[in-house]
Amino acid sequence: MLDVHFNGVDLLFATPLELDQFIAVMSQKILPSGWALVPGRPLGRPSNHWLSRLPKEAKSWKFRQAICKFLQEADTVKRFRNRYASQPVKLHFDGVYNNYYNARSWPADRRLNGG
């Protein structure tokens, strides 16, 4: 975990992918709309998205420029990234599927024998 305390704002990142997503969104001059953040949800800013949960002071352009610069240069962030570079996050596992149809395509003999 990467625990960041920056100008009164606390952030917690579990993976470099989360960190990259945060930087990509926060580095935009105009923040994305609620519809763009969570497609398919009703219009407006869905309160279940991380951007809507950030404190107001974290959304100013000046703050966002500063935190993005910090996250790209800080030694603690570099160590966090290096740790995952040597031990990448595994996102796909043999025999584990995210939907019924893909699981059904797994060979029957391997399903019966536990994978």
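Please read these numbers as outputs of a predicted model, since none were measured by experiment.

1. A short note on the confidence of the model for the chain
- Mean pLDDT for the chain: 81, with 79% of residues reaching 70 or above.
- When pLDDT is averaged over each helix and strand of the chain, the minimum, 50, is found for helix α7 (residues 108–112) and the maximum, 96, for helix α4 (residues 61–73).

2. Topic: the nonpolar core
- Counting 24 residues, the largest nonpolar core has L11, F13, L19, F22 and L71 as the members making the most contacts within it.
- If one sorts the elements of this core by residue count, helix α1 (residues 16–26) sits on top with 5 residues.

3. Some words on helix α5 (residues 75–86)
- With 12 residues, α5 ought to run about 16 Å at 1.5 Å a step, and its terminal C-alpha atoms sit 17 Å apart, in line with that.
- Within α5 the residues assigned to the buried category are V77, F80 and Y84. Viewed along the axis of α5, the buried residues span an arc of 60 degrees, placing them on a single side of the element. In α5, the exposed residues that point more than 90 degrees away from the buried face are D75, R79, N82, A85 and S86.

4. Quick look at α1
- Listed in full, the buried residues belonging to α1 are P16, L19, F22, I23, V25 and M26.
- The inward-facing, buried residues of α1 contact β1 (2–6), β2 (9–13), α3 (50–53), α4 and α5.

5. Some thoughts on the packing of α1 against α5
- Remark: α1 packs on α5, axes separated minimally by 10 Å, with the N-to-C direction vectors making an angle of 135 degrees. In terms of their interaxial angle, α1 and α5 are classed as oblique. Where α1 approaches α5, its residues P16, L19, D20 and I23 are matched on the opposing element by V77, F80, R81 and Y84.

6. A short note on a nonpolar patch on the surface
- A contiguous nonpolar surface patch, about 280 Å² in accessible area, is contributed by L17, V89 and L91.
- Relative to the assigned elements, V89 resides in the loop between α5 and α6 (100–104).
- Residue V89 is classed as partly exposed on the basis of its relative accessible area, which comes to 35%.

7. Brief notes about the side chain of R64
- Within the element layout of this structure, R64 appears in helix α4.
- E57 provides the closest opposite charge to the buried, unpaired R64, separated from it by 12 Å.

Rules used throughout
Residues numbered from 1 in each chain as written. Predicted model: local features only at pLDDT ≥ 70, side-chain atom pairs only at ≥ 80, totals over all residues. Heavy atoms only, no water. pLDDT = per-residue confidence, 0-100. Helix = DSSP H or I, 4+ residues; strand = E, 2+ residues; numbered from the N terminus. Core = buried A, V, L, I, M, F, W, Y, C linked by side-chain atoms within 4.5 Å. Buried < 20%, exposed > 50% of the residue type's maximum accessible area, 1.4 Å probe, protein only. Expected span 1.5 Å × (residues − 1). Arc of directions from axis to C-beta. Contact = heavy atoms within 4.5 Å. Axes fitted to C-alpha atoms, helices over the stretch in contact; angles between N-to-C directions. Parallel < 35°, antiparallel > 145°, perpendicular 65-115°, else oblique. Patch = residues over 30% accessible without salt bridge, like charges linked within 9 Å, V, L, I, M, F, W, Y side chains within 5 Å. Areas by Shrake-Rupley, 256 points an atom, 1.4 Å probe, with all protein chains shown as cover. Salt bridge = Lys/Arg side-chain N within 4 Å of Asp/Glu carboxyl O. Lys, Arg positive; Asp, Glu negative; His and termini not counted.

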